[in-house]
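Chain by chain, the residues run as shown.
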2 protein chains.
Amino acid sequence: MITILSGGTGTPKLIQGIKEIYPEEEITVIVNTVENLYMSRGYIAADIDTVMYTFADMIDEEFWYGIKGDTFTVREQLIEMGTTELLKLGDKDRATKLQKAILLEEGWTLSEIVELQKSKLGIKAAIIPMSDEESEITIVTKEYGEIEFHDFLIKYQCKCEVLEVKYGNVPPSPKLIEAIEKSDKVIIGPSNPITSIRPIISIEGVEEALKGKDVIAVSPFIGKSAFSGPAGQFMNAFGYESSSIGVAEIYNPFLSKLVIDNQDAEYESEIEEIIPNVIVANTFMKTIEDKINLAKIVLE
Amino acid sequence: MITILSGGTGTPKLIQGIKEIYPEEEITVIVNTVENLYMSRGYIAADIDTVMYTFADMIDEEFWYGIKGDTFTVREQLIEMGTTELLKLGDKDRATKLQKAILLEEGWTLSEIVELQKSKLGIKAAIIPMSDEESEITIVTKEYGEIEFHDFLIKYQCKCEVLEVKYGNVPPSPKLIEAIEKSDKVIIGPSNPITSIRPIISIEGVEEALKGKDVIAVSPFIGKSAFSGPAGQFMNAFGYESSSIGVAEIYNPFLSKLVIDNQDAEYESEIEEIIPNVIVANTFMKTIEDKINLAKIVLE
């Protein structure tokens with residue numbers, strides 16, 4: 001039994017490797033929900049959907065959200081009639097989002113909905129939202145003050161100075177703590193430490209549960225630049241260096257091992273002063289072989 | 001300037017004829033909203049959409065709702081994941097419904113939304129919802145007690161005895177009374193007198209406005225059977241015969257002329273005791289020529 005903590009981009013790539021070599025029914029993924037939002041009457045749990053679509057081999061690997069080969073009929077008609085959506089939702093993907101909103105309205109919890117959806121998509125892994133309660137994330141910027149996370153990403157294209165990242169406290173979803181406790185190993189994927197992983201770790205009981213476990217993290221950084229997204233900006237805003245050194249500091253209280261990229265071998269001894277067990281490997285997951293190789297390392 | 005009172009099936013066929021021979025920008029259609037409802041996070045104003053799609057030459061003439069040639073990707077994916085909708089919504093049609101719900105949530109009135117949508121669809125006629133407020137229609141049946149109108153139509157396939165039809169009082173939409181007052185002629189299309197036309201006429205001020213006008217109605221009945229839908233059951237529930245005689249009685253307080261079908265010529269003198277001015281014509285609108293011929297008669 002393993003548990004993976006995941007955001008929406010880097011970690012799903014690692015999951016593609018893990019699911020090739022580890023029994024899917026023994027994998028639990030705990031997914032960040034802090035960026036969830038209602039849009040166009042659907043409920044967007046982007047990271048959850050990306051994890052689901054990854055397991056179901058449906059993920060659009062160009063954007064790491066949405067379904068590959070999806071059509072955009074509803075979106076195009078909405079635009080034709082004067083309504084433009086911030087996110088580009090395909091038709092099938094919209095059904096996933098609409099069903100979540102329909103069932104939430106009927107009183108289902110997010111955990112129950114994800115359980116239904118992942119089963120219908122034929123997924124054997126457990127996929128657990130970090131919380132069934134709405135959490136909010138707000139980015140405090142120098143230029144525009146407090147803005148929504150999706151506005152930061154899309155409207156402002158991350159082109160502003162981040163002063164602070166705020167998110168509220170939410171309770172763990174029912175199976176979260178138990179999943180960690182039952183696991184032989186916990187894997188923290190190469191997702192954004194501040195906006196994807198830290199929200200999960202901040203939930204009451206999670207850090208305590210992690211402390212007794214074999215916890216291995218894959219750094220999302222190579223050198224001083226993040227693989228994708230605005231991870232660097234966020235790291236700096238929290239007072240961490242935007243590098244694997246910063247990652248080591250953030251995860252230090254509960255981390256057993258940290259995987260850093262070959263290109264960062266020069267920092268190995270510096271990081272080992274924080275986390276004694278550092279593994280240097282290729283963390284740049286371009287091909288399925290890269291993903292499987294990295295999966296082998298974290299599962300070892 | 002003419003105003004047409006419309007429901008969702010018979011009248012749009014007549015509109016197809018009228019728009020061929022009368023300037024579209026001088027047509028106002030007042031549409032029943034009593035059957036509107038939220039479904040799958042969209043707002044379904046079925047009669048309004050049918051009228052819009054009719055003017056835009058997009059209507060699916062097989063079902064008289066939805067858009068011809070539409071795809072069903074969202075619906076199919078919803079079903080795949082376990083959510084079946086009572087109404088079969090196509091993708092483009094769903095965009096119309098979603099946009100209504102999005103804009104209602106943003107505080108737009110239904111009139112404003114319809115104004116936007118019909119403009120975007122290139123429609124020059126005015127399309128006015130009878131009311132901007134939610135109205136409800138409930139069918140009281142012998143077998144199942146009080147049921148929703150859409151359940152009556154779809155779930156129970158109209159197969160129950162109707163004891164009563166209930167709908168609440170709603171205020172007129174802002175342009176409704178003025179549209180009637182400005183018109184040279186008001187046409188009541190061959191829609192269900194009880195569930196489509198009577199809700200419009202029951203709105204405060206409408207019957208008074210109609211009384212001063214040249215009002216011509218096309219009966220939806222041939223013999224004792226309605227063209228389509230459960231009109232007969234409803235007529236009986238209200239104590240009217242389900243025939244053109246019943247229609248004459250319902251519209252009597254304000255009607256100038258009634259068009260009945262050739263096949264009902266035998267009832268002409270009986271009906272003329274109620275409405276002095278009866279026109280016998282082909283009201284069965286199968287071809288575009290039928291529709292134009294009937295349009296010529298009502299416009300004369």
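The rules we used
- Residues numbered from 1 in each chain as written.
- Chains lettered and ligands numbered in written order.
- Predicted model: local features only at pLDDT ≥ 70, side-chain atom pairs only at ≥ 80, totals over all residues.
- Heavy atoms only, no water.
- Pairing = 2+ DSSP bridges.
- Helix = DSSP H or I, 4+ residues; strand = E, 2+ residues; numbered from the N terminus.
- Axes fitted to C-alpha atoms, helices over the stretch in contact; angles between N-to-C directions.
- Contact = heavy atoms within 4.5 Å.
- Buried < 20%, exposed > 50% of the residue type's maximum accessible area, 1.4 Å probe, protein only.
- Lys, Arg positive; Asp, Glu negative; His and termini not counted.
- Salt bridge = Lys/Arg side-chain N within 4 Å of Asp/Glu carboxyl O.
- Polar contact = N/O pair within 3.5 Å; in protein donor to acceptor, adjacent residues only side chain to side chain.
- Phe/Tyr/Trp six-rings, centres within 6.5 Å; stacked < 30°, edge-to-face > 60°.

Novice: Honestly, the sheet that holds strand 13 (residues 257-261) of chain B in this entry has me stumped. Any pointers?
Specialist: Whether parallel or antiparallel, the strands of a sheet pair through hydrogen bonds between backbone atoms. Residues and elements named next belong to chain B. What the 7 strands build is an open sheet, ordered 5-2-1-9-10-13-14; its pairing is parallel. The outermost strands of the open sheet, each flanked by one partner alone, are strand 5 (126-129) and strand 14 (277-281). In this sheet, neighbouring strand axes are inclined to one another by 20° on average, regardless of whether the strands run parallel or antiparallel. On top of the sheet, helix 1 (residues 10-21) reaches strand 1 (2-6), strand 2 (27-31), strand 9 (185-188) and strand 10 (215-218); it is set at about 155° to strand 1, its chief contact. In this fold helix 2 (residues 46-55) packs onto strand 1, strand 2 and strand 5, with an angle of close to 155° to the strand it touches most, strand 2.

Novice: Even after reading the chapter, I still don't get the side chain of Asp91(A), so can you show me in this structure?
Specialist: One can find Asp91(A) in helix 4 (residues 91-105). Here Asp91(A) occupies a buried position and makes no salt bridge, while the nearest side chain of opposite charge, Arg94(A), is found at 4.9 Å. Polar side-chain contacts of Asp91(A) include one of 2.6 Å to the side chain of Thr71(A). Within the structure, the side chain of Asp91(A) is placed 3.0 Å from the backbone nitrogen of Val74(A), a separation counted as a polar contact. The contact partners of Asp91(A), leaving out residues within four places of it in the chain, are Asp70(A), Thr71(A), Phe72(A), Thr73(A), Val74(A), Thr73(B), Val74(B) and Asp91(B).

Novice: Could you clarify how one ought to interpret the pattern of salt bridges in this entry?
Specialist: Should their charged atoms come close, side chains of opposite charge can pair. Residue and element names in this part refer to chain A. The final tally for this structure, using the stated rule, is 26 salt bridges over all chains. Lys166 is the partner of Glu146 in a salt bridge, and the nearest nitrogen-oxygen pair spans 2.6 Å. Of this pair, Glu146 sits in strand 7 (residues 145-148) while Lys166 sits in strand 8 (residues 162-167), placing them 20 residues apart in sequence. Residue classification places Lys166 among the partly exposed residues on the basis of a relative accessible area of 33%.

Novice: Sorry if this is basic, but what is going on with the packing of aromatic side chains here?
Specialist: The description of two aromatic rings rests on the distance between their centres and on the angle between their planes. Throughout the structure, instances matching the rule amount to 14 aromatic pairs over all chains. Judged by centre distance (5.9 Å) and plane angle (40°), the rings of Phe149(A) and Phe234(A) are tilted. Here Phe149(A), found in helix 6 (residues 149-155), pairs with Phe234(A), found in helix 10 (residues 231-237); they are 85 residues apart in sequence, far enough to count as distant. On the basis of an interplanar angle of 25° and a centroid distance of 4.0 Å, the ring pair of Tyr144(B) and Tyr156(B) is categorised as stacked. Of this pair, Tyr144(B) sits in the loop between strand 6 (137-141) and strand 7 (145-148) while Tyr156(B) sits in the loop between helix 6 (149-155) and strand 8 (162-167); the two residues are 12 residues apart in sequence, bridging distant segments of the chain.

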